[in-house]
Amino acid sequence: MSSAAPELAIGSDGLSKRFGRQQVVDGLALAVPVGSVYGFIGPNGSGKTTTIRMLLGLVRPDAGTCTLLGQPMPRGAGSVLPQVGALVEGPAFHPYLSGTANLRRLDAADPTSDASTASSRIAAALDRVGLSAAAGKRYRAYSLGMRQRLGIAAALLHPRDLLVLDEPTNGLDPQGTREVRHLVAELAADGATVFVSSHLLAEVEQLCSHVGVMMTGRLVAQGPLAELQALTARRFRLQTPDPPAAMSILEQIGVTDPMIGAGEVTGTLGELPPESVVAALVAGEVAVQAFTPVTATLEDAFVELTGEGFDVSG
Amino acid sequence: MSAGEATTRTRRPGLGTGRLFGSELLLVFGRRRNQVGLATLLGLVVLIGVALKVSAMRRPPSRGGDLVTAVAGNGIYLGFAGLTIEIALFLPLAVSVLAGDAIAGEANLGTLRYLLIAPVSRLRLLAIKAGALAVGAVIGALVVAAGGVLTGAALFGAGPLVSLSGTQLSVADGLWRLTLAALYVAAGLAALGMIGLFVSTLTEQPIAATVATAMVGTLLWILDAVPQLDWLHPWLLVDRWPAFVDLLREPVFLDRIGIGLMVDAAYAAVFFTLAWLRLRRKDVTS
């Protein structure tokens with residue numbers, strides 16, 4: 001590989017795909033910085049998996065280009081895919097082979113794999129996802145969560161520069177979900193770029209440094225997580241024994257939409273610094289029991305961006 | 001594990017393909033269903049041997065006649081008779097099962113996408129699948145031939161053969177010729193396997209690919225049996241499959257076998273190419 005490291009782990013330009021009459025992916029311009037944990041979010045059916053399939057060379061784009069680790073796909077597949085570990089649309093293995101035998105087969109399929117280290121790498125990958133105890137069991141006897149873990153183990157057979165994980169926590173129990181989240185953080189800390197698709201916004205919010213939002217085949221927003229959250233108005237919640245008094249002061253200092261609740265007032269901060277609001281309230285002799293700026297959730301950002309809820313798009 | 005190490009791995013030419021081919025053979029022959037299929041091919045020969053033994057005990061065998069009646073005089077002939085009987089349906093069916101699974105089976109399980117991103121290039125995958133089918137054809141034909149010889153020898157005894165031209169062949173010569181016959185049959189079966197490989201790239205349902213391939217095989221036999229279509233016969237894949245009996249002539253008569261091998265090769269080349277053209281551009285959405 002050349003010494004000129006690519007700035008983008010994944011890049012695409014005008015990436016489009018139509019299946020029959022449906023435009024599944026439409027003019028996608030992804031920019032996934034090297035070293036980021038990129039959350040690729042969108043409702044079911046918004047084109048995330050088709051995008052991932054195009055990135056990995058499984059599906060041929062109708063138009064547009066994409067690069068993985070600086071190399072054009074699908075042309076560079078042979079040289080770049082050994083550096084990429086991927087989980088695409090759930091795990092898929094031979095049901096009558098054991099977990100170990102399945103990984104051995106995938107390892108044999110990678111032309112860069114060293115057969116002499118296969119056993120130790122497979123054992124390490126299984127251990128990393130907590131499957132060592134079930135390594136010799138047939139895949140068909142695995143539970144949904146174990147299958148998902150095996151899929152992740154397959155992506156970890158080698159140290160990777162890029163991991164593409166499509167819905168990695170699907171089917172996992174809360175413990176498994178936490179483990180996967182921990183694993184992703186660990187991989188990222190090791191310097192790998194992680195591209196993780198999800199329809200669970202809260203999960204992406206906890207995991208990711210960058211976010212891309214898909215909606216009916218289009219990328220409606222993309223950037224660092226904080227920037228996306230900042231797109232939505234910042235709100236606050238004030239607890240006070242005297243809400244009406246607080247209301248009048250808040251209106252004076254320019255809070256546009258204060259609303260009274262039971263023992264509290266909520267409103268939009270806008271450009272106001274939170275400390276100035278509190279100072280004004282105290283100066284106006286309103287007792288402040290608690291004042292909490294409420295950070296917008298990704299879900300708020302999503303609704304703001306798309307004007308829609310987070311439902312299946314047709 | 002750090003990402004820095006990840007970029008240094010390089011391709012290991014040849015080795016990788018050998019390993020995956022080994023894995024493929026393990027997958028095909030380790031599968032219970034395929035082992036049962038192979039046992040069935042063997043069981044049929046044994047069954048024929050037993051049936052011949054029973055009928056020979058009820059009624060003394062007549063002299064001369066075809067290969068099947070010759071078994072009663074010399075068990076080694078059961079190897080040839082087994083090939084003759086199983087070449088029409090059972091061996092082609094067995095190859096169809098393997099071929100139907102080749103690509104469609106992986107697509108159906110979803111393992112195709114993981115092989116491709118491992119990465120296995122699509123041409124390499126196809127070549128490995130084709131190679132495994134050829135091995136399957138050889139093993140199928142050899143099991144039938146060997147099973148026939150062992151069963152025949154056990155039931156009827158073994159001895160020097162009489163060639164179709166009337167001269168005597170030693171046991172070793174007879175077994176050598178049987179081996180060649182089995183390999184010749186395997187070549188034809190492998191060509192049918194390439195038809196199946198192509199069909200297997202068209203669908204994600206292995207059963208559908210298997211049924212379609214078996215139907216093609218049967219259709220070829222039917223066309224080959226219609227006298228009005230005699231102009232077509234030389235072009236049919238199966239037309240010269242039974243020519244392996246020419247190996248029992250003295251001297252060995254190679255004309256039909258030679259042309260038969262060329263027809264096999266032509267079918268194999270055409271359908272492997274079609275499979276490649278299909279898989280090369282296929283969107284893998286399974």
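As the structure is a prediction and not an experimental result, all values here were calculated from the model.

Draft legend 1. Up close: the overall build of chain A. Helix and strand counts for chain A stand at 11 helices and 15 strands. In terms of overall dimensions, chain A has a C-alpha envelope of 75 × 45 × 40 Å along the principal axes. Within the span of chain A, comprising 314 residues, buried residues form 51% of the whole. Partitioning the contacts of chain A with sequence separation of at least 6, the portion at a separation of at least 24 is 68%. Just so you have it, chain A exposes about 13100 Å², and 53% of that area is on carbon and sulfur atoms. Measuring between centres, the 23 positive side-chain charges of chain A sit 15 Å from its 31 negative side-chain charges.

Draft legend 2. Spatial organisation of the pairing of strand β1 (residues 8-19) of chain A. Residue and element names in this part refer to chain A. Direction of pairing for β1 relative to strand β3 (residues 31-33): antiparallel, over a ladder of three bridges. Opposite G11, over in β3, you have A31 as the bridge partner. Where β1 and strand β5 (residues 63-68) come together, five bridges link them in antiparallel fashion. Of the residues in β5, the one forming a bridge with S16 is A63. With four bridges joining them, β1 and strand β2 (residues 22-28) adopt antiparallel strand pairing. For L15, the partnering residue across the bridge sits in β2 and is L28. Between β1 and β2, which follow one another and run antiparallel, lie two residues, and G20 among them has a positive phi close to 60 degrees.

Draft legend 3. Structural view of the sheet that holds strand β12 (residues 235-239) of chain A. All names here are of chain A. On the basis of which strands lie adjacent, the open sheet formed by four strands has the order β13-β14-β12-β15 and antiparallel pairing. The open sheet has two free edges, formed respectively by β13 (259-261) and β15 (290-294), since each of these has just one partner strand. Adjacent strand axes in the sheet meet at a mean angle of 20 degrees when their direction is disregarded. The pairing of β13 with strand β14 (residues 264-268) spans three bridges and is antiparallel. Bridge assignment links I260 to a residue of β14, and that residue is V265. Packing of helix α9 (residues 243-252) onto the sheet brings it into contact with β12, β13 and β14, and relative to β14 it is tilted by some 20 degrees.

Draft legend 4. Local environment of the interface of chain A and chain B. Listed as interface residues are 47 residues of chain A and, on the opposing side, 39 residues of chain B. Regarding the contact of chain A and chain B, the summed buried area is about 3900 Å², with carbon and sulfur atoms giving 55% of it. Here chain A is connected to chain B by four salt bridges. Where R19 of chain B meets D107 of chain A, a salt bridge forms, and the shortest distance between an N and an O atom there is 3.0 Å. Here chain A and chain B share 20 residue pairs in polar contact (both at pLDDT 80 or more) between them. Sorting the residues of the side of chain A that touches chain B by element identifies β1, α2 (77-80), β7 (84-87), α3 (99-109) and α4 (118-128) of chain A as the ones contributing at least two each. At six residues, the largest contribution of residues to the side of chain A that touches chain B is made by α3 of chain A.

Draft legend 5. Structural detail: the pairing of β12 of chain A. Residue and element names in this part refer to chain A. Every second residue of β12 is oriented toward a common face, the buried set being F236 and L238 and the non-buried set R235, R237 and Q239. When β12 meets β15, the two strands line up antiparallel, connected through five bridges. The residue bridging L238 from the neighbouring strand is F291, located in β15.

Draft legend 6. Summary view of unusual backbone geometry. With an omega dihedral of 5 degrees, the bond running from M73 of chain A to P74 of chain A counts as a cis peptide bond. Inspection of the secondary structure puts P74 of chain A in the loop between β6 (71-73) and α2. For the bond running from A118 of chain B to P119 of chain B, omega is 10 degrees, close enough to zero to count as cis. If you trace the backbone, P119 of chain B turns up in the loop between α8 (111-116) and α9 (122-156). Positive phi, normally seen in glycine, also occurs at L69 of chain A, with a value near 45 degrees. Position of L69 of chain A relative to the elements: it lies in the loop between β5 and β6. Its relative accessible area of 10% is what places L69 of chain A among the buried residues.

Draft legend 7. Expanded view of α9 of chain B. Here α9 of chain B is 35 residues long and its end C-alpha atoms lie 50 Å apart, about the 51 Å a rise of 1.5 Å per residue gives. Looking one or two residues past α9 of chain B, G157 of chain B carries a phi angle of roughly 80 degrees, positive in sign.

Draft legend 8. Representation of the nonpolar core in the model. In this structure, L68 and F195 of chain A together with L83 of chain B are the most contacted members of the largest nonpolar core, which totals 157 residues. With 15 residues, the single largest contributor to this core is helix α10 (residues 171-200) of chain B. When neighbours within four sequence positions are excluded, L68 of chain A is seen to be in contact with A9, I10, L55, L56, M73, V80, L81, V84 and L162 of chain A. Membership of the second largest hydrophobic core comes to 14 residues, among which are M247, L250, L281 and F291 of chain A.

Conventions used here
Residues numbered from 1 in each chain as written. Chains lettered and ligands numbered in written order. Predicted model: local features only at pLDDT ≥ 70, side-chain atom pairs only at ≥ 80, totals over all residues. Heavy atoms only, no water. Helix = DSSP H or I, 4+ residues; strand = E, 2+ residues; numbered from the N terminus. Buried < 20%, exposed > 50% of the residue type's maximum accessible area, 1.4 Å probe, protein only. Contact = heavy atoms within 4.5 Å. Areas by Shrake-Rupley, 256 points an atom, 1.4 Å probe, with all protein chains shown as cover. Lys, Arg positive; Asp, Glu negative; His and termini not counted. Charge placed at Lys NZ, Arg CZ, Asp CG, Glu CD. Pairing = 2+ DSSP bridges. Axes fitted to C-alpha atoms, helices over the stretch in contact; angles between N-to-C directions. Buried area = accessible area lost by both parts, 1.4 Å probe. Salt bridge = Lys/Arg side-chain N within 4 Å of Asp/Glu carboxyl O. Polar contact = N/O pair within 3.5 Å; in protein donor to acceptor, adjacent residues only side chain to side chain. Expected span 1.5 Å × (residues − 1). Core = buried A, V, L, I, M, F, W, Y, C linked by side-chain atoms within 4.5 Å.

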